[in-house]
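Structural overview
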Amino acid sequence: DGTSYSVNGGAYQTVVAGSRQSHVTTSNTTISGNAQVFAVQGGGRTGSSGQLTESANVIVSGNAHIVYMVCGSVTDGNNDEDREAPVGSSNVLIGGSAKIGDEGHSASIYAGGWDTYTNSLGPSTVSTRLKIQDACTVYGSVYGGGFRGSIGTSSNQGSVSIEMTGGTIEGSLFGGGR
């Protein structure tokens with residue numbers, strides 16, 4: 001009852017894992033090799049139906065290049081503060097010699113959601129875990145939370161974990177969201 005996506009080369013506009021309407025236990029997304037992807041969304045697309053993905057896992061490694069953003073959760077937000085978070089936990093690992101953005105073009109990592117479709121009032125993820133390692137480079141900022149969507153719910157405080165054992169961040173590192 002899960003989904004797995006693996007991109008090991010080529011060029012792609014956007015990789016959306018997880019689900020838009022049905023329940024998924026685990027969503028695994030791996031971008032590696034010499035793949036070039038505009039954006040990666042680990043948990044699915046919408047926040048309007050309650051929890052759709054229990055655990056979203058995103059790995060960007062090898063010589064992969066992400067042009068715009070990586071998010072561990074959903075991208076369409078949760079516009080109801082009383083609704084359950086659409087993703088239970090998101091785990092994002094950036095490693096190898098991967099590049100997020102490039103010189104002159106910043107890109108960001110959001111361990112939580114990237115909520116631009118709605119003015120998010122509710123959570124996008126209950127908890128996030130972000131690890132940056134090896135010789136990867138992020139040409140932009142890194143957020144343990146999300147863009148607009150909050151972490152945790154009224155019944156579950158949630159958590160954010162960031163571990164950096166290597167790599168370079170050319171922008172800023174934020175424990176929370178933007």
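Anything mentioned here points back to the structure above.
Right, let's get into the overall build of the chain. When its secondary structure is counted, the chain shows zero helices and 16 strands. Among the 178 residues that make up the chain, the fraction classed as buried is 51%. If you take every contact in the chain between residues at least 6 apart in sequence, the share linking residues at least 24 apart comes to 83%. On the chain, roughly 7600 Å² of surface is accessible, and the fraction owed to carbon and sulfur atoms is 42%.

Pairs can form between side chains of opposite charge whenever their charged atoms are close. The final tally for this structure, using the stated rule, is two salt bridges. The partner of Glu163 in a salt bridge is Arg129, with the nearest N and O atoms 3.6 Å apart. Of the two residues, Glu163 is situated in strand E14 (residues 159–164) and Arg129 in strand E10 (residues 123–132); the sequence distance between them amounts to 34 residues. By relative accessible area, Arg129 is classed as partly exposed at 39%. Among the salt bridges present, the one from Lys131 reaches Glu163, with a minimum N-O distance of 3.9 Å. In this pair, Lys131 is assigned in strand E10 and Glu163 in strand E14, connecting sequence segments 32 residues apart.

Residues Val160, Ile162, Met164 and Leu173 make up a contiguous nonpolar surface patch of about 300 Å² in total accessible area. Relative to the helices and strands, Leu173 is located in strand E16 (residues 173–174).

What follows is about unusual backbone geometry. Despite not being glycine, Asp134 has its phi angle at roughly 65°, a positive value. Residue placement: Asp134 occurs in the loop between E10 and strand E11 (137–138).

Now for the environment of Gly158. Residue placement: Gly158 occurs in the loop between strand E13 (150–151) and E14. Gly158 sits in the partly exposed class, given a relative accessible area of 27%. Here the alpha-carbon distance between Gly158 and Thr125, two residues 33 residues apart in the chain, equals 8.1 Å. Dropping the residues within four chain positions of it, Gly158 is found in contact with Val126 and Gly152.

Right, let's talk about the packing of aromatic side chains for a bit. A full pass over the atoms with the stated rule returns five aromatic pairs. Residues Phe38 and Tyr68 carry aromatic rings whose centres are separated by 5.1 Å and whose planes lie at 0° to one another, so their mutual orientation is stacked. Linking Phe38 in strand E4 (residues 36–41) with Tyr68 in strand E6 (residues 65–71), this pair joins segments that are 30 residues apart in sequence. Take Phe38: its relative accessible area is 31%, and that puts it in the partly exposed class. For the ring pair Tyr110 and Tyr143, a centre distance of 4.9 Å and an interplane angle of 10° mean the geometry is stacked. Of this pair, Tyr110 sits in strand E9 (residues 108–110) while Tyr143 sits in strand E12 (residues 142–143), placing them 33 residues apart in sequence. For Tyr143, a relative accessible area of 7% gives the class buried. Through pairs of rings, three or more aromatic residues link up here, namely Tyr110, Tyr143, Phe147 and Phe174.

Right, let's get into the environment of Gly145. Tracing the chain through its elements places Gly145 in the loop between E12 and E13. In this view, Gly145 contacts Tyr110, Ala111, Gly112, Ile151, Gly175, Gly176 and Gly177; residues no more than four positions away in its chain are not counted.

Calculation rules
Residues numbered from 1 in each chain as written. Predicted model: local features only at pLDDT ≥ 70, side-chain atom pairs only at ≥ 80, totals over all residues. Heavy atoms only, no water. Helix = DSSP H or I, 4+ residues; strand = E, 2+ residues; numbered from the N terminus. Buried < 20%, exposed > 50% of the residue type's maximum accessible area, 1.4 Å probe, protein only. Contact = heavy atoms within 4.5 Å. Areas by Shrake-Rupley, 256 points an atom, 1.4 Å probe, with all protein chains shown as cover. Salt bridge = Lys/Arg side-chain N within 4 Å of Asp/Glu carboxyl O. Patch = residues over 30% accessible without salt bridge, like charges linked within 9 Å, V, L, I, M, F, W, Y side chains within 5 Å. Phe/Tyr/Trp six-rings, centres within 6.5 Å; stacked < 30°, edge-to-face > 60°.

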